[in-house]
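Read off the chains here:
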Amino acid sequence: MNQTITVNRDLKADLKEQAIQFRQRMSDRATLVVNLVSSPGAGKTSLLQRTATKIGDEYRLAVLVGDLATDRDAERLKPYVPVQQLTTGGACHLEIPLVESGYELLDQSDLDILFIENVGNLVCPASHDLGEHLRVTLLSVTEGDDKPGKYPKMFRTSQAMVITKTDLLPYVPFEVASAIEDARRIQPELDFMTTSSQSLAGVDEWCEFLVRQLRKIQK
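Residues numbered from 1 in each chain as written. Predicted model: local features only at pLDDT ≥ 70, side-chain atom pairs only at ≥ 80, totals over all residues. Heavy atoms only, no water.

Peer 1: Can you lay out the nonpolar core for me, pointing to particular residues and giving the numbers?
Peer 2: Ranked by size, the top nonpolar core spans 32 residues in total, and within it Val34, Phe115, Val136 and Trp206 carry the most contacts. Of all the secondary structure elements, the ones that give two or more residues to this core are β1 (32-37), α2 (44-55), β2 (61-67), α3 (72-77), β4 (113-117), β5 (134-140), β6 (160-164) and α8 (203-218). The leading source of residues in this core is α8, at eight residues. Residues contacting Phe115, with those up to four places away along its chain left out, are Val34, Leu36, Leu48, Thr51, Leu61, Ala62, Val63, Leu64, Trp206 and Leu210. With 17 residues, the next largest nonpolar core counts Leu106, Leu111, Ile116 and Val119 among its residues. (Core = buried A, V, L, I, M, F, W, Y, C linked by side-chain atoms within 4.5 Å. Buried < 20%, exposed > 50% of the residue type's maximum accessible area, 1.4 Å probe, protein only. Helix = DSSP H or I, 4+ residues; strand = E, 2+ residues; numbered from the N terminus. Contact = heavy atoms within 4.5 Å.)

Peer 1: Can you break down the packing of aromatic side chains residue by residue, with the values?
Peer 2: Taken as a whole, this structure holds two aromatic pairs when the rule is applied. Taken together, a centroid distance of 6.2 Å and an interplanar angle of 25 degrees make the contact between Trp206 and Phe209 stacked. Here Phe209 and Trp206 lie together in helix α8, a separation of three residues that amounts to about one turn. With a relative accessible area of 0%, Trp206 lands in the buried category. (Phe/Tyr/Trp six-rings, centres within 6.5 Å; stacked < 30°, edge-to-face > 60°.)

Peer 1: How would you sum up the pairing of β6? Please name residues and give values.
Peer 2: Most of β6 is tucked away: five of the five residues are buried. Of the two faces of β6, the one carrying Ala160, Val162 and Thr164 and the one carrying Met161 and Ile163 are both buried. Bridge analysis of β5 against β6 gives five bridges, and the strand direction is parallel. By the bridge assignment, Leu139 is partnered in β6 with Ile163. Strand direction decides the pairing type here: β6 and strand β7 (residues 191-194), joined by four bridges, are parallel. Bridging across to β7, Ala160 finds its partner in Asp191. Taken together, β6, helix α7 (residues 176-186) and β7 form a β-α-β motif whose crossover is right-handed. (Pairing = 2+ DSSP bridges. Right-handed = clockwise from strand over helix to strand, strands pointing away.)

What is shown is where atoms sit, not what they do.
Shown next, in the form of structure tokens:
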């Protein structure tokens, strides 16, 4: 016999509260938490490599790398920055308990920016607060410029959009202006940047953006 049980409580309330507390903890430590989200292969790891090369000597960075399986991205980042692997075992997104567990394994002293490289997915991660100050969606030019409208929640819940792999623009049907216009219909307050981890175009602008966000936390 089936029985319906009514629970007058948000089942995600505990996770939401945990994320709020983690964000406050990071604010108190003047550590900016940046959650990088994208489709698989959009260039999160490459952008983090370039970021560490550009500002890693001046600012103390660390990365929590989320993947369904393997530690390949973490191994790519280890020569550049302290890393902890977060393996979900098949889950399509990270959740705050796993993020906190990974953070506890890092050397946290004087950490300026903590990056969370989320699982490659434009759907599931949009619904999960990881205690970040800043959610950044990467969109590669190889994916098509219509993705903001097709995956609105991800862009609606982000504060910035970075268009990646712009060195490939001459070879793919992608209009930067169209992608930005599409995203602005969903989230008018988004900051926009274009980058190429191969040519390094836009990497300086990206790093300057991060430093400005860090300064807000440090006030």
